[in-house]
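In case you want the letters, here they are:
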Amino acid sequence: MLTLERATPQQSVQTGCCTHCGEEIPNEDFQLDGQLFCCQGCMMVFQILQENGLSNFYDIDPKAAFSLKGQSKETFEYLDDPDVRKKFIDFSDGKMARVHFSLPQIHCASCVWLLEQLGRLDERVYRSQVNFLRKEVHITFDEKRLPLSKLATLLSRIGYKPLIRLADTTTTKVATDRSLAIKIGVTGFLFGNIMLFSFPEYLGLEVGADTLLKKYFSYFNLILGLPLLLFSGWSYLQSAYLGLKQRQLNIDLPISIGILALFGRSAFEILSQSGAGYFDSLAGLLFFLLLGKWFQQRTYHQLSFDRDYKSYFPLAATLIRPNGTEQVALDRLDTGDRVLVRSGELIPADGILGKGAARIDYSFVTGESDPVEVAEGAEVFAGGRQTGAAIEVVLTKKTDQSYLIQLWNEKVFTHKGDSLRMGRLADQAGRSFTILILLIAFSTLAFWLWTNPALAMDAFTAVLIIACPCAVALAIPFTFGNVLRLLARKGIVLKNTDSLEALQSVTHIVFDKTGTLTEKQKGEVVFTTELTEESRSWIRSLVHHSAHPKSRKIEIQMGAGKRLEVVDFRELTGKGIEGIIDGHKIQIGSSTFTNQPKEQEGTHVCIDGQLLGSFQTRSIIREGLGELLSSLRTDHKISLLSGDDEREADRFRALFGTEAQLLFRRNPTEKLRFIERLQAKGEVVLMVGDGLNDAGALKQADVGLVVTDDSNDFTPAADVIAKGHELTALARVIRYARASRKLVYAAFGIALLYNLVGLSYAVQALLSPVVAAILMPLSSLTIVLFGVGASSLLAYRMIKISSEINKSHK
């Protein structure tokens, strides 16, 4: 539908167009300050935007607004029903809630801008974030002051009425877009019938009744050509148009020009009776384009089938069994399971607090750092990190239905670093390619119009089709997508292709020590004095509530036995833990934390302020660490940041070398500041940590890598999650990432070679549009096969991904 330009306030009365949406005004019933509107809804939205200083909405895209004429009013009171509300709320801590709505009206940059400014329309909205591709908005708001029904009404008032289908809340479904399959079917039907009506032309029938038959059949083709243009080819035309509106040249522009050229020339020939037109070529072009798009989507989905949350979160949860506890993968958790969540661990799925005093840090979800106290029987949500003593949670949802799976792609955990993003290179390559092809196409058209006009249109459209830069656009998603898949099989899971691109540019690697370079569950722990069974039970009970690797080692050393109730448990990251047991204050930690002389080494145990003794630990360094660090030193600067003391400084200095910087007794804030100083010097930093007390540094670094073994170490600030036994492959993984970039360049070269060969025929008018339409998907297939095949072969050679290695790690 053609939409008129939105009239300015001065033009509104003169043009008879609505000031808000630009549509024609049937009467002058709706006026505001001398401006005309087509309906009450448009006038109200305009007034709201003006009163809240959001008139920039019109500046971003003058055609962004749409008419609200005839839109039904809805109050959404049913959303305040507790049972209904629970189905829509993603997260709630009693003060702040987060919800997502489907908004089909989202269609341009202005929509995104306006919806992300909701906080200026209502102060009770804290944050709103739009997912443009899924046409969804995620809103964090004050649930005490703003009922969910009022929030939905606010969206409806500004023209974005939420699409609410209660049936969709009962089960979790993956939306399937069938429109492409329908388009292929319709286009195939049109293609076949147009070829049927073109038989007189194919057979060369020129005289008598056959001429009349040929004439009518050409008219039938013209009629069938209309749905070809307006239905089959509409997505290409729309994409090119939106790109031009944003002053961008996308890869659909040359395709659209070819489609319009074929349709226009064919319609002219048929209506003027100067020829039969090229509707068979147009139908063939669109059919093979759509078939190629279907193939691309299907292949990409097949490549990505195992890159779901099961791969993104290779962490385990502690499942409570009748005879003890067991570490299980997230995909094995089910509703009704009871899981143990220790201090520092994330809640793996939504549930009910079954036992313990919960002090949950929901900063990963809401951005608020203050822990929330939750009583037994109350709801807790996936993604919250327990900061107090260990708790037991009865799951009410599976992990794949919880908010945790959305956290990793939150904007707050996305690194900027535009200079590192190869996606910008792809965009630039596509634009340059489009400009070059348009110059060649119009030069070809001009040449043949001068020398042989009969061949001009064929040559022009063939150039536009054969030189489509789709193959260039496919190089990155298919090559890098396969790289991500292969690395996930290796036990190294990257968030997305941006993380892979950033990994290629790393210049400085910073390591945490405990739990990262050392084995978390291994290591010799020796207490300096004899312990009574009562003392053992106190220590065992206290460390049971902490997820720190050293606590896990001490608990193993204390052996099996009775665990007592811990009151007022507290853990200070990098310092120690404390709590009240049987009326006694138990402290385990550093000399500073336990108020002991600094010359005292080890992890001290104090009971009611009196030193009981100390744990002396010697960590076990991961196998192959020396070779890893030696390999990394050739191409990178390396550093060590640790919250532990300097007892093992000499040991790690021998591994890191004399040029590396080793810093001990660093708290999380000091680690983050160290990363910032490196970046200020121009370094591209990879932070490698265990995810428990390195979240700030991981988030600040250009690439954050979390090492996980069998405990709940996931942090949304990570870009990469690596299983512990694969850390020593890091140097080879970085080299593989860099080599994969060369594969993309090679794919660009193949696409360029293909286009040079094809263009050499097209500019000479030796290549018909329909043949070009067949060859173009074949070029895409070549790029796909090269990207997948070459990256797979490279993975086998560089990081030794094979069935034998996979079996050895199972």
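In case you missed it, the structure is sitting above this.
Residues numbered from 1 in each chain as written. Predicted model: local features only at pLDDT ≥ 70, side-chain atom pairs only at ≥ 80, totals over all residues. Heavy atoms only, no water.

Student: Go over the sheet that holds strand β4 (residues 96-102) with me, naming the residues and quoting the values.
Tutor: Strand order in the open sheet formed by four strands is β3-β4-β6-β5, with antiparallel pairing between adjacent strands. The outermost strands of the open sheet, each flanked by one partner alone, are β3 (89-92) and β5 (125-131). Across the sheet, the axes of successive neighbouring strands diverge by a mean angle of 15°, strand direction being ignored. Where β4 meets strand β6 (residues 136-142), seven bridges bridge the pair, whose relative direction is antiparallel. In the strand pairing of β6, Ala97 is matched with Phe141. (Pairing = 2+ DSSP bridges. Helix = DSSP H or I, 4+ residues; strand = E, 2+ residues; numbered from the N terminus. Axes fitted to C-alpha atoms, helices over the stretch in contact; angles between N-to-C directions.)

Student: Tell me what's going on with the pairing of strand β20 (residues 576-581), and back it up with residues and numbers.
Tutor: The buried count for β20 comes to five of six residues, which makes it a mostly enclosed element. As paired elements, strand β19 (residues 567-572) and β20 share four bridges and run antiparallel to each other. Counted as the bridge partner of Arg570 is Glu578 from β20. Bridge count for β20 against strand β21 (residues 584-589) is six bridges, and the pairing is antiparallel. The residue of β21 that forms the bridge with Ile581 is His584. Between β20 and β21, which pair antiparallel in sequence order, lie two residues; one of them, Asp582, sits at a positive phi of approximately 55°. (Buried < 20%, exposed > 50% of the residue type's maximum accessible area, 1.4 Å probe, protein only.)

Student: Talk me through the packing of aromatic side chains; I want residue IDs and the actual numbers.
Tutor: Considering all chains together, one arrives at eight aromatic pairs under this definition. Ring centres of Phe191 and Phe287 lie 5.9 Å apart, and the angle between their planes is 40°; this geometry places the pair in the tilted category. Taken together, the residues Phe191 in helix α8 (residues 179-197) and Phe287 in helix α13 (residues 279-303) connect sequence positions 96 residues apart. No difference in accessibility class separates Phe191 from Phe287, as the two residues are buried. (Phe/Tyr/Trp six-rings, centres within 6.5 Å; stacked < 30°, edge-to-face > 60°.)

Student: Explain the nonpolar core to me, using residue names and the numbers behind them.
Tutor: Within the largest apolar cluster, 55 residues are counted, with the highest numbers of intra-cluster contacts made by Phe511, Phe656 and Leu686. Among the elements that make up this core, the one with the highest residue count is helix α27 (residues 730-762) (twelve residues). Those residues in contact with Phe511 that lie beyond four places of it in its chain are Leu517, Leu629, Leu632, Ile638, Ser639, Leu640, Leu641, Phe656, Val688 and Leu730. Judged by nonpolar contacts, the second largest core, of 31 residues, contains Val99, Leu103, Cys111 and Leu118. (Core = buried A, V, L, I, M, F, W, Y, C linked by side-chain atoms within 4.5 Å. Contact = heavy atoms within 4.5 Å.)

Student: So, the pattern of salt bridges: which residues are in play, and what are the values?
Tutor: This structure, assessed with the given rule, holds 17 salt bridges. Residue Glu555 pairs with Arg552 through a salt bridge whose shortest N-O separation is 1.9 Å. Of this pair, Glu555 and Arg552 both sit in helix α22 (residues 549-558), three residues apart, roughly one helical turn. Note that Glu683 and Lys637 form a salt bridge whose closest N and O atoms lie 2.7 Å from each other. (Salt bridge = Lys/Arg side-chain N within 4 Å of Asp/Glu carboxyl O.)

Student: Go over the pairing of β6, please, and point to the residues and values.
Tutor: Counting buried residues along β6, seven of its seven residues qualify, which places the element largely inside the surrounding structure. Of the two faces of β6, the one carrying Glu136, His138, Thr140 and Asp142 and the one carrying Val137, Ile139 and Phe141 are both buried. Examined bridge by bridge, β5 and β6 share six bridges and lie antiparallel to one another. Among the inter-strand pairings, Ser128 is bridged to a residue of β6, identified as Ile139.

Student: Can you explain the sheet that holds strand β25 (residues 661-663)? Please cite residues and give values.
Tutor: Ordered in space as β16-β28-β27-β26-β17-β24-β25, the seven strands form an open sheet in which the pairing is mixed. A strand with exactly one partner marks an edge of an open sheet, and here the two such strands are β16 (492-494) and β25. On average, each strand axis in the sheet is inclined to that of its neighbour by 15°, with strand direction left out of account. Inspection of the sheet shows strand β26 (residues 685-689) paired to strand β27 (residues 703-708) by four bridges, in the parallel sense. Paired with Gly689 across the bridge in β27 is Val706. Across the sheet, helix α25 (residues 668-680) lies against β17 (508-512), β24 (637-641), β25 and β26, angled at about 175° from β17, the strand it touches most.

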